[in-house]
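# Observations on chain architecture
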Amino acid sequence: MPGLEDLYREIILDHYRNPRNRGELACPPARRAEGFNPLCGDEIVVYLVVDAEGRVSDVKIGGQGCSISQSSASMMSAAVKGRTLDEVRALNRAFKALMTIHESRLEGDEGDGSGTDTPVPDPAVDLGDLAALQGVVRFPVRIKCATLAWNTLTNGLEELAQPA
Amino acid sequence: MATLSPAPHLAPRLDVLDARRVRAEFPIFERCRHLPLIYLDSAASSQKPRAVIEAMAGYYETCHANVHRGVYGLAEEATGRYEQARAAVARFIGAPSAREVVFTKNATEALNLVAFSWGRANLRPGDVVVLTEMEHHANLVPWLMLAEQVGVELRYLGITDDGHLDLSGLDAALDGAKVVALTAMSNVLGTLNPVRRVADAAHVAGAVVVVDASQYVPHLPTDVSALGADFLAFTGHKMLGPTGIGVLWGREAVLESTPPFLGGGEMIRDVRLDGFTPNELPWKFEAGTPPIAEAVGLAAAVRVLEGIGMEMVRAHEIALTSYALRTLDARFGADLVVHGPRASAERGGVLSFSFKDLHPHDIAQVLDQSGICVRAGHHCAKPLLRRLGVSATSRASWYVYNDESDIDALAQGLVACSELFCL
Ligand SMILES: Cc1ncc(COP(=O)(O)O)c(C=O)c1O
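No experiment lies behind these values; they were computed from the predicted model shown. (Residues numbered from 1 in each chain as written. Chains lettered and ligands numbered in written order. Predicted model: local features only at pLDDT ≥ 70, side-chain atom pairs only at ≥ 80, totals over all residues. Heavy atoms only, no water.)

Residues and elements named next belong to chain B. Tracing the backbone through its elements, the reader meets Ser257 in the loop between α9 (252-256) and β9 (268-272). Sequence-wise, Ser257 and Lys48 are 209 residues apart; in three dimensions their C-alpha atoms are separated by 36 Å. Setting aside residues up to four positions removed in sequence, Ser257 forms contacts with Trp118 and Asn122. Among the polar contacts listed, one links the side chain of Ser257 to the backbone oxygen of Val254, at a separation of 2.9 Å. (Helix = DSSP H or I, 4+ residues; strand = E, 2+ residues; numbered from the N terminus. Contact = heavy atoms within 4.5 Å. Polar contact = N/O pair within 3.5 Å; in protein donor to acceptor, adjacent residues only side chain to side chain.)

Okay, structure coming up:
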């Protein structure tokens, strides 16, 4: 059985106890996206301001939930602030890969990944603190907690991509 | 036959239940990982005693055939076992006749049977169905579906801040009501509802009373007539029995006025190309091959519970609940909020709580590390959780195999949670 220290890394607990970029932003100019995990009632609200150059100039996180969903949201906010939308998308892909690869390995799928649509991590993308969340995949029911913030952000970005 | 005799070794009729002795009859507690299993989630599903497991295996090993069909001896024997199980369940809940006991897949199917078969035949647009705010989704969603499909009006009895049913609006709610459907015991708050009082008022108003007894029958002596129910639903797997079997009890006259639910074999007397005649009670509601081994297992579970004695079960759970309330109070004070009544005589052995600002998922995860199984989430009662103002709770629940040491372990585990998150 995986140990708790795999899940609750110190850096995760730090983000949980001292969440970064917590709060709200006026909409507009900010965009607001809301995500919900019906299983556990976790709720994430992402406020996002993208400037004229396509950079995330400000981000705030609202909502409530467990340590994993809240710390993941906090880490995400720190990671995307000041990044271009392309960089944000690359981060999102890298984070999802981190979750998925382990997930498939958990299911005993030790294949080389070729011929499947399992995302491959891009070594050029540095996940920083977010890498601490990789232990979550050993607790499959918690993966949804970890990805909630990113799914919410992605939905927000998709809306942004659509002509207003 | 060994599987048909009571379990005398479980019946030391002393004045207190010896949980350690009972526990020895449950093989799962021998499941030796690196730490002992501290199972505090019996409200979700109970563990199974050896007597139940062996009764089912013994049935398959010695006498399985389809029921009510073969003329050969083996089929007759299987039919006998199945119908004996029905009689055992009828006796266990004080049903006047085994004809009133219908086997279903679970409590959910039993409640759906009532809403859809009885409901569709007897309810018209605008008819009033009275529910409570503390219902499990199983006694909520079928009625919500009926509201959509038939246009019945749903009214709700609320709850008081201390987790009791709020009866102040009862008379107004009952005005014109055709059905009152309520839980005998909340699976979140543990509240024992005044079913008889509500049933009497409902009957005066001319309403039929549907009782969700999923959390009641496993834990308290049950007498359907004393409860004043017209329908009563419960589920095998929460009362030491197997999954895959539930029970709908109904008063004979009410069942007679209920059309069949599912159609198929077994539930008919005659089928022509232009119609069918339904079978008599209770088979009219048991379409297709029923859960035969499960019925045998459920009967074995009933015998185990009768061997212990339901008064004893109830007394044991009151004692454990008092101990838990005292222990958690002394240890955590205002940091731990128990949802539901404080008096252990007014509640069952289900304790939902909020602990500091810790999320129930985190609590359940950390407790799991010490082998402690508790539930985290909305417990299939979202409207109730909304009323309580929380999105999830942690829930510990106990049964015949739990004792004070399990509560102590829970308290210890909560200290570990608190330390890990430094809250
Ligand atoms: C009060 C109550 N009603 C109904 C049910 C549904 O039981 P089942 O899932 O076995 O149908 C449950 C258990 O989950 C319950 O606690």
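All names here are of chain B. Near the ligand the following residues occur: Asn106, Ala107, Thr108, His136, Ala138, Asn187, Asp212, Ser214, Gln215, Thr235, His237 and Lys238. A distance of 2.6 Å separates a nitrogen atom of the ligand from a polar atom in the side chain of Asp212. Between Gln215 and the ligand, the recorded distance is 2.7 Å, taken from a side-chain N or O atom to an oxygen atom. Protein burial of the ligand: of its 390 Å² of free accessible surface, 87% is covered by the chains. Within the shell around the ligand, the residues separate by chemical class into two nonpolar, eight polar and two charged. (Near = heavy atom within 4 Å. Areas by Shrake-Rupley, 256 points an atom, 1.4 Å probe, with all protein chains shown as cover. Nonpolar A, V, L, I, M, F, W, Y, C, P; charged D, E, K, R; others polar.)

Residue and element names in this part refer to chain B. A full pass over the atoms with the stated rule returns ten aromatic pairs over all chains. Between the aromatic rings of Phe332 and Phe355, the centroid separation amounts to 5.0 Å while the plane-to-plane angle is 70 degrees, which identifies the pairing as edge-to-face. Of this pair, Phe332 sits in helix α11 (residues 310-332) while Phe355 is found in strand β12 (residues 350-355), placing the two residues 23 residues apart along the sequence. This pair shows no difference in class: Phe332 is buried, exactly as Phe355 is. Between Tyr399 and Tyr401 the ring centres are 5.9 Å apart and the planes differ by 75 degrees, which places this aromatic pair in the edge-to-face class. A relative accessible area of 0% means that Tyr401 is categorised as buried. The ring of Phe29 has Arg23 lying over it, and the distance from NZ or CZ to the ring centre is 5.6 Å. (Phe/Tyr/Trp six-rings, centres within 6.5 Å; stacked < 30°, edge-to-face > 60°. Buried < 20%, exposed > 50% of the residue type's maximum accessible area, 1.4 Å probe, protein only. Lys NZ or Arg CZ within 6 Å of the ring centre and 35° of its normal.)

This next bit is on a nonpolar patch on the surface. Residues and elements named next belong to chain B. Together, Val141, Leu144, Met145 and Tyr156 make up a nonpolar patch on the protein surface, roughly 320 Å² of accessible area in all. The element that contributes the greatest number of residues to the nonpolar patch is helix α5 (residues 141-150), accounting for three residues. By secondary structure assignment, the location of Val141 is in helix α5. Classification of Val141 by relative accessible area gives partly exposed; the value is 36%. (Patch = residues over 30% accessible without salt bridge, like charges linked within 9 Å, V, L, I, M, F, W, Y side chains within 5 Å. Salt bridge = Lys/Arg side-chain N within 4 Å of Asp/Glu carboxyl O.)

Residues and elements named next belong to chain B. Within β12, five of the six residues are buried, which leaves the element mostly enclosed by the surrounding structure. Pairing of strand β11 (residues 336-339) with β12 involves four bridges; the strand directions are antiparallel. Bridge pairing in β12 links Leu336 to Phe355. By the bridge criterion, four bridges tie β12 to strand β15 (residues 393-397) in an arrangement that is antiparallel. Bridged to Ser352 within β15 is Arg395. (Pairing = 2+ DSSP bridges.)

To continue, consider the nonpolar core. Residue and element names in this part refer to chain B. Grouped together as the largest cluster of nonpolar side chains are 88 residues, with contacts concentrated most on Phe103, Val211, Leu232, Met239, Leu240 and Val400. The greatest single-element share of this core, amounting to twelve residues, is contributed by helix α10 (residues 292-308). Each of domain 1 (13-42 + 309-420) and domain 2 (59-306) accounts for three or more of the residues forming this core. Once you skip the residues sitting within four places of it in the chain, Leu240 turns out to touch Phe26, Ser46, Gln47, Lys48, Pro49, Val52, Ala301, Val304, Leu305, Tyr399, Val400 and Tyr401. (Core = buried A, V, L, I, M, F, W, Y, C linked by side-chain atoms within 4.5 Å. Domains from an automatic or database assignment.)

All names here are of chain B. Domain annotation of chain B identifies domain 1 (13-42 + 309-420) and domain 2 (59-306). Distance from the C-alpha centre of domain 1 to the C-alpha centre of domain 2: 28 Å. Taken together, the contact between domain 1 and domain 2 spans 33 residues of the former and 32 residues of the latter. Together domain 1 and domain 2 conceal approximately 2500 Å² of surface at their shared face, both sides included; 60% is due to carbon and sulfur atoms. The interface formed by domain 1 and domain 2 contains one salt bridge. For the salt bridge of Arg387 with Asp161, the shortest nitrogen-to-oxygen distance reads 3.0 Å. On inspection of domain 1 and its partner domain 2, the count reaches 16 residue pairs in polar contact (both at pLDDT 80 or more). (Buried area = accessible area lost by both parts, 1.4 Å probe.)

At the junction of the two partners, chain B supplies 18 residues and chain A supplies 23 residues. When the two sides are added together, the surface that chain B and chain A hide from each other amounts to roughly 1600 Å², 56% of it contributed by carbon and sulfur. Together, B:His361, B:Gln365 and B:Gln369 form the three largest contributors to the area buried by chain B at its contact with chain A, with a combined 33%. Here chain B is connected to chain A by one salt bridge. As a salt-bridge pair, A:Arg142 and B:Asp362 come within 2.8 Å of each other at their nearest N and O atoms. Applying the counting rule to chain B against chain A returns seven residue pairs in polar contact (both at pLDDT 80 or more). Ranked by residue count, the leading element in the side of chain B that touches chain A is helix α12 (residues 360-369) of chain B, at six residues. Looking at side-chain class alone, the side of chain B that touches chain A contains seven nonpolar, six polar and five charged residues.

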